[in-house]
Amino acid sequence: MAEIFLACGLCVVLVVDLFVSDRNRDLTFSLALIVLIGTAWISWTTGHAGQVLTFGGSFVSDPLAQLLKIFSIAAVFVSFLYSRDYLKQRNIFKGEYYVLGLFALLGIMVMISAYSMMTMYLGLEMMSLALYAMIAFDRESPVSGEAAMKYFILGAIASGTLLYGISFIYGVTGSLQIGEISAALTAGAMNETSLLIGLAFVLVGIAFKFGAVPFHMWLPDVYHGAPTSVTLFVGTAPKLAAIALAVRILVEALGSVGHLWEPMLLVLAVLSLAVGNIVAIAQTNIKRMLAYSTIGHVGFILLGFVAGSHAGVEAALFYTIVYILMAAGAFGMVILMSSNGHDADRLDDFRGLGRRSPWFAAMMLLLMVSMIGVPPLAGFYAKWWVLTALVNSGHVWPAVVAVLFSVIGAFYYLRVIRLMYFDDAEGEAGAPVAGGWLMRTVLSANALGVLALGILPGGLLEMCARALSG
Amino acid sequence: MLALIYFYTLAFVLVVAAVGVVTARNPVHAALFLILSFVTSAILWLLLEAEFLAMVLVLVYVGAVMVLFLFVVMMLDVNVEGGRGRFTRYAPFGGLIAAIMFMELGFVVWWRNLGLPVMETPVPHDADYSNTKELGAVLYTEHVYAFELAAFILLLAIVAAIVLTMRRRPGLKTQVVSEQVKIRREDRVRIVKMEAEKD
């Protein structure tokens, strides 16, 4: 079981880090990467077609779990690679960063494989606790501390509402196990009022984890305040955990009462699309802008669930994976731009990039255009399939709204491109981007991956379909 | 009948103590009220035959957590009067939310249809039934996964707390033990001859 290996591995990293001097932190770093590779290998080889439950039905192993686990390990791997130079320049290149990252990954994997509300909650707490500490990792920076505090308090409230909702569902169905809840709901007439109350609270918890409006307040502040490498971390792998949470609770456990949660989700999705895309226009800080763009993308992901069909969930899964690829690239770009010491997180820092470093400007161009959703790139197919699923299930007006807001959203992505290619850099910011070979390679691979996935999306889509048919 | 009287008395004390936690001006009083509410809820759990949980609540929360809490409260010079102004500023909005929540609670409690048909009324156990034993049996068999996860969360909490608090910053006053041990009398003590003072 991959989780056991990861747990042992992170303990080893923790202990080894004690005996390593500050100059040899690279040892911890590479050890953490080895642990990740090992975990990924185990997840890959232990995959199988059917659904297997262990630990009294609280742990599930199925194709969906395998797919999500491998992608979240990959996301953490990439974010570790990006973080190395960034942390070194800020003197926070500590072993604990990677230990906390591995803890967060453990929490994410537990959530992905959880088949009972209890393990789901424990995984969620493990992930969140690690993230709070990572956000506050740069203790010299008051902004980070503020961001961590906000996330901590709001996150605690969200966990509370999730638990409260779970307790209602337990009261109605008499079980915490996903399979038994689903069986109980299909079997008999339930008290809809109390189920509805529980459902609403659970949905608040899920929406918070995704960052859907109106539970998005933490997102811009956290993305802005956290060190950029942590922002990259927070913006990628935890989204996969959130979608696992949504699939397990909404589709697998409460799938038979879809008529209750679909309207709520629809409201969340449309609000997210509206607020995310419109408020992003007003941002001057690229991290905040990307945070609002995240909210907009989350709206799309939720719309996939609203469709209520198998294809819709598939599209949502595909969208999430494509989205984390794009987000990793975009935040990686911000990290790369910051590599000469100061945080280049203002939009103005991108001025004239097309002349300074044409290659990376082209990479950023690919990422931004993919986020808009222009055909040969991955972002297009993600949006396309969500919209197809929506229209096929008869939700025409949400699809129209989604398209409308993506057009509005195109404005601020295009503005980044305009700044890069048509504006001149001011003052001394005219130097080409510096950065180690590692950063450059990873970023290029990341952005080209978006392109490759756009040209050949079939493989990933088929993987998503297989994962959900399981 | 007797159990019912016990329940309502304890519930009343619990609610009064909980209100006391929030309204007490003095943080030490608030902490003491919190202890009272913990002890009362522990006794309520005893009425529900959850002996082990009741004992753990008293041992862990009252014995360890709250003592620590009191320590911290007494060590920090908490400004008692601070925050009064904000209380009145936020009072209307807070009151509105409180009213809504009370309505919701009332809805839940009085809506007897919410009575959950799946759960049968539990039957009291015999006197020689061991709550602790049963709990242990379930905890280490059926719920061992969740149990181990909780252990890992605790490890994570330790790591996170140490990461966030232990740091070397300039000007930090720490002990240097080797210096302290090496010290000689001449470095610290100076003998001064003085004339005896006459009033």
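Up top you'll find the structure we're talking about.
In this report, the structure presented in the accompanying data block is examined. Treat the numbers as computed from the prediction; the structure is a model and nothing was measured.

## A look at the overall build of chain B
Regarding its fold elements, chain B presents eight helices and zero strands. Restricting to contacts in chain B with at least 6 residues of sequence separation, those with at least 24 account for 59%.

## Some words on the layout of surface pockets
Unfilled space is identified by rolling a water-sized probe across the atoms. Residue and element names in this part refer to chain B. Looking at the largest pocket, its volume works out to about 1,700 Å³. As for the largest pocket, its lining consists of 40 residues, of which L48, A50, L53, N131 and L135 are closest to the centre. Broken down by element, the residue count for the lining of the largest pocket peaks at seven residues, all from helix α5 (residues 131-139). The residue inventory of the lining of the largest pocket, partitioned by class, reads 30 nonpolar, seven polar and three charged.

## Thoughts on the packing of helix α13 (residues 286-306) of chain A against helix α18 (residues 396-422) of chain A
Residue and element names in this part refer to chain A. With their axes 11 Å apart at the nearest point, α13 and α18 run at an angle of 160° to one another. The orientation of α13 relative to α18 falls into the category roughly antiparallel. In the crossing of α13 with α18, the sense of the turn from one axis to the other is left-handed. Residues M289, S293, H297, F300 and L303 of α13 form the contact with α18, whose participating residues are P398, A402, S406, Y412, Y413 and V416. When the residues that make up the contact of α13 with α18 are grouped by side-chain class, the tally is eight nonpolar, three polar and no charged.

## Considerations on unusual backbone geometry
Of note, the bond from V213 of chain A into P214 of chain A is cis; its omega dihedral lies within 30 degrees of zero at 5°. Assignment of secondary structure puts P214 of chain A in the loop between α8 (192-210) and α9 (218-225). The backbone of E49 of chain B sits at a positive phi, close to 65°, despite the residue not being glycine. Tracing the backbone through its elements, the reader meets E49 of chain B in the loop between α2 (27-47) and α3 (51-75).

## Focus on the nonpolar core
Residue and element names in this part refer to chain A. Counting 198 residues, the largest nonpolar core has F80, L254 and F305 as the members making the most contacts within it. With 20 residues, the top contributor of residues to this core is helix α14 (residues 310-337). Other than its neighbours up to four places away in sequence, F305 contacts I243, A246, V247, V251, W261, E262, L265, V313 and A316.

## Thoughts on the packing of aromatic side chains
Residue and element names in this part refer to chain A. For the coordinates displayed, the defined rule picks out 27 aromatic pairs over all chains. When the centroid spacing of 5.1 Å and the interplanar angle of 75° are considered together, the rings of Y97 and Y98 count as edge-to-face. The same class applies to Y97 as to Y98, namely buried. Within the aromatic cluster, the residues linked to one another by ring pairs are F29, F80, F93, Y97, Y98, F137 and F233.

## Things to note about a nonpolar patch on the surface
Residues and elements named next belong to chain B. Nonpolar side chains collect at one region of the surface, where M1, L2, L4, I5, Y6, F7, Y8 and L47 lie side by side and expose about 890 Å² of accessible area between them. A per-element tally of the nonpolar patch places helix α1 (residues 2-23) first, with six residues. Note on placement: Y8 falls in helix α1.

## Some remarks on empty space enclosed by the protein
Residue and element names in this part refer to chain A. Evaluation of the coordinates by the stated rule reveals three cavities of 30 Å³ or more. Estimates place the volume of the largest cavity at around 80 Å³. As for the largest cavity, its lining consists of 14 residues, and the residues nearest its centre are N277, H297, M371, K383 and Y413. Elements that contribute at least two residues to the lining of the largest cavity include exactly α12 (258-281), α13, α16 (358-372) and α18. Broken down by element, the residue count for the lining of the largest cavity peaks at five residues, all from α18. The volume enclosed by the second largest cavity comes to roughly 60 Å³. If you trace the second largest cavity, you find it lined by M127, Y151, K209, W218, V234, P238, K239 and A242. Residue contributions to the lining of the second largest cavity peak at three residues, all from helix α11 (residues 237-253).

## Quick notes on the interface of chain A and chain B
Contacts between the two partners involve 35 residues from chain A, matched on the other side by 25 residues from chain B. Counting the surface lost from both chain A and chain B, the interface buries some 2,700 Å², and carbon and sulfur atoms represent 81% of this. Applying the counting rule to chain A against chain B returns zero salt bridges. At the junction of chain A and chain B, the tally comes to one residue pair in polar contact (both at pLDDT 80 or more). Secondary-structure elements contributing two or more residues to the side of chain A that touches chain B are α1 (2-18), α4 (95-112), α5 (117-135), α6 (142-173) and α8 of chain A. Among the elements that line the side of chain A that touches chain B, the one with the most residues is α5 of chain A, at eight residues. Looking at the side of chain A that touches chain B, its residues break down into 23 nonpolar, eight polar and four charged.

About the cut-offs
Residues numbered from 1 in each chain as written. Chains lettered and ligands numbered in written order. Predicted model: local features only at pLDDT ≥ 70, side-chain atom pairs only at ≥ 80, totals over all residues. Heavy atoms only, no water. Helix = DSSP H or I, 4+ residues; strand = E, 2+ residues; numbered from the N terminus. Contact = heavy atoms within 4.5 Å. 1 Å grid on protein atoms, 1.4 Å probe; cavity = no way out; pocket = protein on both sides within 12 Å on 5 of 7 lines; lining within 4 Å. Points joined across faces, edges and corners; volume = space filled by probe spheres on them. Nonpolar A, V, L, I, M, F, W, Y, C, P; charged D, E, K, R; others polar. Axes fitted to C-alpha atoms, helices over the stretch in contact; angles between N-to-C directions. Parallel < 35°, antiparallel > 145°, perpendicular 65-115°, else oblique. Left-handed = near helix turned anticlockwise from the far one by under 90°. Core = buried A, V, L, I, M, F, W, Y, C linked by side-chain atoms within 4.5 Å. Buried < 20%, exposed > 50% of the residue type's maximum accessible area, 1.4 Å probe, protein only. Phe/Tyr/Trp six-rings, centres within 6.5 Å; stacked < 30°, edge-to-face > 60°. Patch = residues over 30% accessible without salt bridge, like charges linked within 9 Å, V, L, I, M, F, W, Y side chains within 5 Å. Areas by Shrake-Rupley, 256 points an atom, 1.4 Å probe, with all protein chains shown as cover. Salt bridge = Lys/Arg side-chain N within 4 Å of Asp/Glu carboxyl O. Buried area = accessible area lost by both parts, 1.4 Å probe. Polar contact = N/O pair within 3.5 Å; in protein donor to acceptor, adjacent residues only side chain to side chain.

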